[in-house]
Structures are given as C-alpha cells and as structure tokens.
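# Observations on chain architecture
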Amino acid sequence: MAKILVINKGNGSESEICEILSSEGHSVERCKDCIEGAGMLEADACDIVITDFSTTESCDARELSKVRNASENAVIIVVSMEATQEIISESLRNNVFDYIAKPFNRAAISRSVANAEQVKKIRDEALAYKNDLKNVIDDLTKQLIHAQRLSSIGTMLMEVLHEIKNQMTLISIGGQTIEEILPEFENFLRGRIEATGSNKERCKFVLNELSNCISNIKSGINRTMRITNSFGNYTFRGGEEDIGCDINECIMQALELCKGRLKKNVRVLTKLGEELPAVRADQQLVQQVLVNLLLNSADAIESNGKGKVEIETLCGKENMCVELRDDGPGIPEDKVERIWDAFYTTKHNGKGNGLGLSVSKGIIEGLGGSITAKNSSEGGAIFTIEIPAKKEM
Amino acid sequence: MNKHLLIVDDEADIRKNLCSYFKLKGFEVDAAENGVAALDILAVKHIDIIISDVKMPGMDGVELLREVRKQYPMIRVIMITGYVTLENALSCMRHGADTCIFKPFQDLNELTDAVNASAKSLDMWQKKLRELLDMKRDGLEGDNGQ
C-alpha cells in the first residue's frame, strides 16, 4: 500500500479523500497547504501526493512547483474545481500524473491512486536501474582509466628495457674487457712482486677478488638479462612469423617474470612433460595467460598466508594441456562462471582490474583452444588450458 | 695484417667501449654513430669488417647493410642489436649479414669469434682472388689459357 500525502485547505473533500484512501489500506497524511506539504515531503518522502490546485486559493502554480521540487519521485494527482488552460498547463509543467475534477466520486479517486501506485512502482524500478547503471559505469570508467594507465606503463617499459639493455651492454663490455686484460695485469703484478718483494699473499688476494668481481658482474648481467628478456618478450606485440611455441619454455619465462611475486610465500612445483611438440601459438600471448594465472594464484594464496602452485604440462592426441593448481581458498562456487567476465574481480583494494581472466580466455580461444576453471576437492583452484599442437609441416 | 674494423652504434659509450675492446684484441678500429657517418668513412678508408647496431637514427643498420652489399661487396658485416626479435635477425640475414649478435654481449667472445670468422672468410676470398689475379697476370686464367 502507498504512502500518500493529501494537501487541502480543509473543506469537505479533503476528509472524504482521506477516508476513501485509509479504508483502502493506504497510509495517509494530511496538511493544509502546499508550503506545509513541501516541508513534510522534504522531511519524509511520499509515494503519492494528492493536492488541491486553484488559481484563486492558496495552492497556486508557484506552490505546486514547491511540492514538485520537495519530492521529485512522488506521483502527484491534482484535484481541482477549475479546468482552465492555466491549471492544465501548470499541471503538465510540474509533471502531474492525473487530474481529478471536483466534484469527484470514490471510484475516480481509487482508480487514479491505483494507477499512480503502478506508475510509482515503475519509476522506482527505473530509478534503481539507473543508479545501478551509474555505479557500473563509474566502476567501468575507473577500471578503464586504470587499464589505460597500465597500458601506458607497458609502452614506457619497452623504452626503459632498451635503456637498461644499453647500460647492461656497457657493464658487460667493461667487465669482459677487464677479464681480457687480467692475465696481463697478473704478469705485471708478478713482475712487481719479484722486483720489489711485495706481499705475495696480498697480491694473490687482489687477483682472486678481481676474478670474483668479474664473475659477479657476469652473473648479475645474466640475471638482469633473463628478467629484461622475459619482460621484452611479454610486452612485444607478437610477430607474423609462425614458428610455434614451446609451452615449457613459456612456463619457465612466466615463472621468471612472476618470481618476485611468488618467492615470498608460494612454493612452485613444476611437472613438465618431456619432448613436447610445439603448439600453434604466439609465445608472448601464451606467456601473458600464464602470468595472469600465476599472479591470480599468488593473490589467492596470499589470503591464506602461504601455499603452493603446481604446474603440469601434458600432451594429448591433438592438444597440449597445461594444468595449474593452487591451494588457495578456491573460487566461490557461485562465481565460477562470472570470473571470465570483463571487469569482474574478487580482488580488493584496486589490486585487480578484472581483465586478466577475460583477456586470457580471449587469447586461448583465439588460438583455437580452451581454458576452464574449477575447484579442487582438496581445496584451491584448478585452471586447465588446452591448445592445439602445431602440425608438422 | 691486422683487420680494420668499423664500429657503428648511436650509443657513444658502447661505441667507445667496443673500440677499446677490439683495439685491445689487436684490431685497427674506427667508429661511426650511424649509417651515413659509416658510409662517409667507407668512402675514404679501407675497412674489412663492419660491426653495426640495427636500430639507429638517420640511416639504420639494415639500410647500411644493403648499401654496403651494393657498394662494397668485399666488406663483411656483423649486426648487433638490443631489439632481440626474429624479424630483426631475419632481416639481417636476408640482407647478407655474416651474423647477428645480441646485446648486452653476455659473452663477448661470441662477437670476437664472429669477427674472427668474418676475417677468416675474408682472408680466404682475398687469397683466392690474389691467386686468380696472379694466374691472369701469367696468362693462365680462363679464356686466356685456351
């Protein structure tokens, strides 16, 4: 039943309307003019407002608009003895739903209020949808801005990687040049020791340390290059040359990329099939999917404290299969289907942009494969990727 | 005789360091910052082997490679690149580079080995051409011998 405010100066019709509506079970309030009515509406909204409207009495056009402004969502019904053009046009201007001419009968009031209730219900639903939609659009806009920011970081990263590589080249050439002249330096030092009787032990130590430093420089360069190459391959848009992709190599590179994220609390176990055939896929794309899955598992495990990720590769008759299992909290059963939706995320604090799995699904299906998710009976999530094996030429 | 190298790279420090390294290895070395500067040097100096970066402003390494193949077929070219992609490597191979070595040269011996291999192949050609030249001088070559 509706909550109704009746505004009337207080002649007989007001009481009559209130009686009719109360007898129909509506919650009815009353007041004597539009000013008071507007005040009441501001304090407490109503579903329906039934107001007297007259060009000569206190509730005129200006006051009607106050009622309208006080409660934008209420459905207004005007009751009037006048049916002038001014009354009608003012009613329309104030978005009045119905006009009841005095003298009225009970049926006219009941019918009008019943219709107004329907309209109010539809308006409320529309308003709720509008608010939901606005929230969705706000969320999507935020996520798009975030995704765009990430994308521009990706573009910058290529330049940064190139610059790092240049500096690494310098360190690398420098280190190896020192290595090259080390024997010469050693001979020189030995000559000096013999000529001057310097401390032999000290000289041996210096030469040893030099070799160690060079070997540290080399291993530092190797490690840095493994990281930058993994990022380089990851951010590279992919070429036209179809050379097939080594799935195990992809997994190792993806693990290298996620090493920093995984090492804190995740134990990684790999069971990679031997001599697997290449798959018909772009290496960067497959790597992107694996990185997404690994980071998701790392996030899931983090909520449990620590845990493990197992990756297994198998070769079927026509497909290559990668299974990634974690022992995190798993996927809520009612969300298993939704996780593939774009911008859907269960991560908090802006951690996820809700694009990872949706993009991953797009990539794998684009390669003619499939990606599925389920919960393990022992707890945790299992993601399975199948990609067609590359046919021998 | 020591081979004469031309190092072409737009990164001044890399250019300088590679020059020092190969001087240390006993090569004669010149350097240029891009393809155009390299062609200017080639016009006035005898160069045996070019080590050229692929991506450079002005004339890049692949354009230089094409130009060298046209104008100086005897010069060997080794490409070096930080942009490690299949496309880059294939492009170098298709245009006749001896090999393509990736920066940051985790093992500089790879580049040294490539230079030595190019030098050896050059020596072979020069030896064969000299033999032919001698034969021609002695009236023993091809048509003259009939």
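Quick caveat: nothing in here was measured; it's all calculated off a predicted structure. (Residues numbered from 1 in each chain as written. Chains lettered and ligands numbered in written order. Predicted model: local features only at pLDDT ≥ 70, side-chain atom pairs only at ≥ 80, totals over all residues. Heavy atoms only, no water.)

## Section: the pattern of salt bridges
As enumerated under the stated definition, the model contains 25 salt bridges over all chains in all. For Glu256 of chain A, the salt bridge is made with Arg223 of chain A, and the minimal N-O distance between the two is 2.3 Å. Separated by 33 residues along the polypeptide, Glu256 of chain A in helix 7 (residues 247-262) and Arg223 of chain A in helix 6 (residues 200-235) bring together distant segments of the chain. Among the salt bridges present, the one from Lys45 of chain B reaches Asp30 of chain B, with a minimum N-O distance of 2.9 Å. With a gap of 15 residues between them, Lys45 of chain B in the loop between helix 2 (35-44) and strand 3 (49-53) and Asp30 of chain B in strand 2 (residues 28-32) connect regions that are remote in the sequence. Given the relative accessible area of 16%, Asp30 of chain B is considered buried. Through salt bridges with shared partners, a single network forms among Lys271, Glu310, Glu312, Glu323 and Arg325 of chain A. (Salt bridge = Lys/Arg side-chain N within 4 Å of Asp/Glu carboxyl O. Helix = DSSP H or I, 4+ residues; strand = E, 2+ residues; numbered from the N terminus. Buried < 20%, exposed > 50% of the residue type's maximum accessible area, 1.4 Å probe, protein only.)

## With respect to the interface of chain B and chain A
Counting residues at the interface gives 23 residues for chain B, matched by 20 residues for chain A. A buried area of about 2,000 Å², summed over both sides, lies between chain B and chain A, and 62% of it is on carbon and sulfur atoms. Inspection of the region where chain B meets chain A yields one salt bridge. When the shortest N-O distance is used, the salt bridge between Lys25 of chain B and Glu180 of chain A registers 2.5 Å. Where chain B meets chain A, there are nine residue pairs in polar contact (both at pLDDT 80 or more). Elements that contribute at least two residues to the side of chain B that touches chain A include exactly helix 1 (12-24), helix 4 (86-94) and helix 5 (108-137) of chain B. With six residues, helix 1 of chain B is the largest single contributor of residues to the side of chain B that touches chain A. Tallied by class, residues from the side of chain B that touches chain A come to eleven nonpolar, five polar and seven charged. (Contact = heavy atoms within 4.5 Å. Buried area = accessible area lost by both parts, 1.4 Å probe. Polar contact = N/O pair within 3.5 Å; in protein donor to acceptor, adjacent residues only side chain to side chain. Nonpolar A, V, L, I, M, F, W, Y, C, P; charged D, E, K, R; others polar.)

## A look at the sheet that holds strand 10 (residues 381-388) of chain A
Residue and element names in this part refer to chain A. Read across the open sheet, the five strands follow the order 6-7-8-10-9; overall the sheet is mixed. In this open sheet, the two edge strands, each paired with only one partner strand, are strand 6 (266-271) and strand 9 (370-375). Strand-to-strand twist of the sheet, defined as the mean angle between neighbouring strand axes without regard to direction, takes the value 15 degrees. (Pairing = 2+ DSSP bridges. Axes fitted to C-alpha atoms, helices over the stretch in contact; angles between N-to-C directions.)

## Quick look at the sheet that holds strand 5 (residues 99-102) of chain B
Residues and elements named next belong to chain B. Strand order in the open sheet formed by five strands is 2-1-3-4-5, and the pairing between neighbours is parallel. Two strands bound the open sheet, and with one partner strand each, they are strand 2 and strand 5. Here the average twist between neighbouring strands, direction ignored, is 20 degrees. Pairing geometry for strand 4 (residues 76-81) and strand 5, over four bridges, is parallel. Paired with Thr81 across the strands is Phe102, a residue of strand 5.

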